[in-house]
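Chain and residue survey
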Amino acid sequence: MADLFARFAPLMAQRDQLFAEGRDPFSVQMTEVLSQTEAVIGNRRTILVGTNNYLGLTFAPEALAAAHEALDAGGTGTTGSRVANGTYAGHAELEATLRDFYGTKHAMVFSTGFLANLGVLSTLMGPDDFILMDADCHASIYDGVRASSAQIIRFKHNDAADLDKRLARLADKPGNKLIVIEGIYSMLGDIAPIKDFVAVKKKYENVYLLSDEAHSLGVLGKFGRGLPEQEGVEDDVDFIVGTFSKSVGTVGGFCVSNHPQFEILRLVCRAYVFTASLPPAVIAAANVNLGLVKKGGALRARLQRNAQQLHAGLSELGLKIASNASPVVAVVAPDPQVAVAFWRGLLDAGVYVNLALPPATPYGYSLLRASLCAAHTEEQIDEVIGIFRDVATSLGLIDAPRKRVAAR
Ligand code: PMP
């Protein structure tokens, strides 16, 4: 009989080889969280540059107070799904806050952003319909469309002309078409040319647009409503999916829309019906933090300054950065081995970034993925850049501080 796990053998071998000795990402434990930007990891004060805590709201005093109060009043969990016994007044209030925040008629809260994508994408389109998704979309989008009965077409990342070509081929097919993109892409930090996508959408009949704003909520737009707000195309985006796990500083997911029949999703999204709803403390924190996101212009400005500083500092060292400055700054390492050594070197010196390896990355890149927080100070970012310089130099990726040398 074949070993149940035999098909994972190549992956296990690769993992064993990459992480034979020394630390690996799964062994990292934060024994103490000191602030939004620092934690103790292995007895060392470490600067966190991979949290996705873009606005630094995880310790917002207003949210902490509301969460404590809700915890005491409502207990540690709802112990049920929204449909069974898991809708508390707080869930309805949070949905009202979301409707107000986005100015939409409908809002639906899920237990995570992953479940929001899974739930919405698996149910929205039927067997005669088509989902056209950007090739670089998140795993939850891939899983959502896989579970859908619609026909799935991938278009080239951020390529409106490629989308146009594919929609043109479907023009005489009667089904609905759903375009799926993200605002800011999670791995490389690049931004969708959403205006171009909207222009393509408008050329055809029965085409809808869904944007996953996981990394752009709170980050882009005057009021933090993400890429559609920043680009002035909110009326052309039919569904926005988002998460509370990044700039909102807690956990949970949602979908908002103006579509008149949207509410039926509450009955047909299995990822909504058959899973427990968010606990009261989380709901309360999300509710308060959404208000802070809306008023967070100063935090957004600070975040952008921090992003510029890190991007410029690392570029100047001669490191290859995967995209223009954005709150996600991904350094491309020559191969997985070097990426692991780089990541370990950074961690040993007190900097935590995300190690992202193929196949989880676009273009087969091996990445040291940093994400900025509005709460990072200029001094912290300078320290991070200095540590990147030292580690990159010790690995022979740059041959002398502050001199540009082509990556291997
Ligand atoms: N979409 C994107 C683009 C993401 O990056 C993530 C989280 N990494 C999610 C959805 C899922 O969000 P959550 O953490 O709330 O499950």
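Residues numbered from 1 in each chain as written. Predicted model: local features only at pLDDT ≥ 70, side-chain atom pairs only at ≥ 80, totals over all residues. Heavy atoms only, no water.

Mapped onto the elements of the fold, Glu38 is located in strand β2 (residues 38-41). Judged by its relative accessible area of 16%, Glu38 falls in the buried class. One polar contact links Glu38 to Gln380, side chain to side chain, over a distance of 3.1 Å. (Helix = DSSP H or I, 4+ residues; strand = E, 2+ residues; numbered from the N terminus. Buried < 20%, exposed > 50% of the residue type's maximum accessible area, 1.4 Å probe, protein only. Polar contact = N/O pair within 3.5 Å; in protein donor to acceptor, adjacent residues only side chain to side chain.)

Across soluble globular proteins, nonpolar side chains show a tendency to be buried alongside one another. Grouped together as the largest cluster of nonpolar side chains are 96 residues, with contacts concentrated most on Phe244, Leu310, Leu314 and Phe388. Of the residues that make up this core, three or more belong to each of domain 1 (18-55 + 297-394) and domain 2 (60-294). Sequence-distant contacts of Leu314, defined by excluding residues within four places in its chain, comprise Leu319, Ile321, Val329, Val331, Ile385 and Phe388. If you look at the next biggest cluster of nonpolar residues, it comprises 24 residues, including Phe110, Ile141, Val241 and Tyr272. (Core = buried A, V, L, I, M, F, W, Y, C linked by side-chain atoms within 4.5 Å. Domains from an automatic or database assignment. Contact = heavy atoms within 4.5 Å.)

What follows deals with the pattern of salt bridges. Across all of its chains, the model carries 17 salt bridges by this definition. Note that Arg45 and Glu383 form a salt bridge whose closest N and O atoms lie 3.5 Å from each other. A residue pair is termed long-range when its members are at least 10 positions apart, and Arg45 in strand β3 (residues 44-48) and Glu383 in helix α14 (residues 378-394) qualify at 338 residues. Judged by its relative accessible area of 40%, Arg45 falls in the partly exposed class. As a salt-bridge pair, Glu231 and Lys195 come within 3.8 Å of each other at their nearest N and O atoms. Residue Glu231 is located in helix α8 (residues 227-231), and its partner Lys195 is located in helix α7 (residues 194-202); the two are separated by 36 residues in the primary sequence. Using a relative accessible area of 48% as the deciding quantity, one classes Lys195 as partly exposed. Among the charged side chains, a salt-bridge network with shared partners connects Arg82, Glu95, Glu263 and Arg266. (Salt bridge = Lys/Arg side-chain N within 4 Å of Asp/Glu carboxyl O.)

A few words now on the sheet that holds strand β5 (residues 130-134). The 7 strands are arranged β4-β10-β9-β8-β7-β5-β6 in an open sheet whose pairing can be described as mixed. Here the strands that pair on one side only, and so sit at the sheet edges, are β4 (106-110) and β6 (151-155). Shown here is a sheet whose adjacent strand axes are inclined to one another by a mean of 20 degrees, direction ignored. Here β5 pairs with β6 via 5 bridges, running parallel. Each bridged residue has a counterpart across the sheet, and for Asp134 the counterpart in β6 is Phe155. Against the sheet, helix α6 (residues 160-169) engages β5, β6, β7 (177-182) and β8 (207-212), with an angle of about 150 degrees to β6. (Pairing = 2+ DSSP bridges. Axes fitted to C-alpha atoms, helices over the stretch in contact; angles between N-to-C directions.)

With respect to the secondary-structure elements, Gly350 resides in the loop between α13 (336-348) and β12 (351-352). The spatial distance from the C-alpha of Gly350 to the C-alpha of Ala39 is 9.6 Å, given a sequence separation of 311 residues. Leave out the neighbours within four places in its chain, and Gly350 touches Arg44, Arg45, Thr46 and Ile47.

Examined against the element boundaries, Ser186 turns out to sit in the loop between β7 and α7. If near-sequence neighbours (up to four positions away) are discounted, Ser186 is found in contact with His138, His215, Val328 and Arg369.

This paragraph deals with the domain arrangement of the chain. Partitioning the chain into domains gives domain 1 (18-55 + 297-394) and domain 2 (60-294). Between the C-alpha centres of domain 1 and domain 2 the distance comes to 27 Å. Facing 21 residues of domain 1, the contacting portion of domain 2 comprises 20 residues. For the domain 1 and domain 2 pair, buried surface summed over both sides reaches about 1600 Å², with 59% attributable to carbon and sulfur atoms. Across the domain 1-domain 2 interface, the total number found is 0 salt bridges. Run the count over domain 1 and domain 2 and you get 9 residue pairs in polar contact (both at pLDDT 80 or more). Mapped by element, the contributors of at least two residues to the side of domain 1 that touches domain 2 are α12 (297-316), β11 (328-333) and β14 (366-371). With 3 residues, the single largest contributor to the side of domain 1 that touches domain 2 is α12. Taken together, the residues of the side of domain 1 that touches domain 2 break down into 13 nonpolar, 6 polar and 2 charged. (Buried area = accessible area lost by both parts, 1.4 Å probe. Nonpolar A, V, L, I, M, F, W, Y, C, P; charged D, E, K, R; others polar.)

As for its position among the elements, Ile283 is in helix α11 (residues 280-294). Separated by 217 residues in the primary sequence, Ile283 and Ala66 place their C-alpha atoms 9.3 Å from one another. In this view, Ile283 contacts Gly90, His91, Leu94 and Leu278; residues no more than four positions away in its chain are not counted.

To continue, consider unusual backbone geometry. With an omega dihedral of 10 degrees, the bond running from Pro358 to Pro359 counts as a cis peptide bond. With respect to the element layout, Pro359 can be found in the loop between β13 (354-356) and β14. Residues other than glycine seldom take positive phi values, yet Thr79 does so here, at roughly 55 degrees. Take Thr79: it is sitting in the loop between α2 (61-74) and α3 (89-102). The exposure class of Thr79 is exposed, given its relative accessible area of 71%. Residue Asn206 is not a glycine yet carries a positive backbone phi of 55 degrees.

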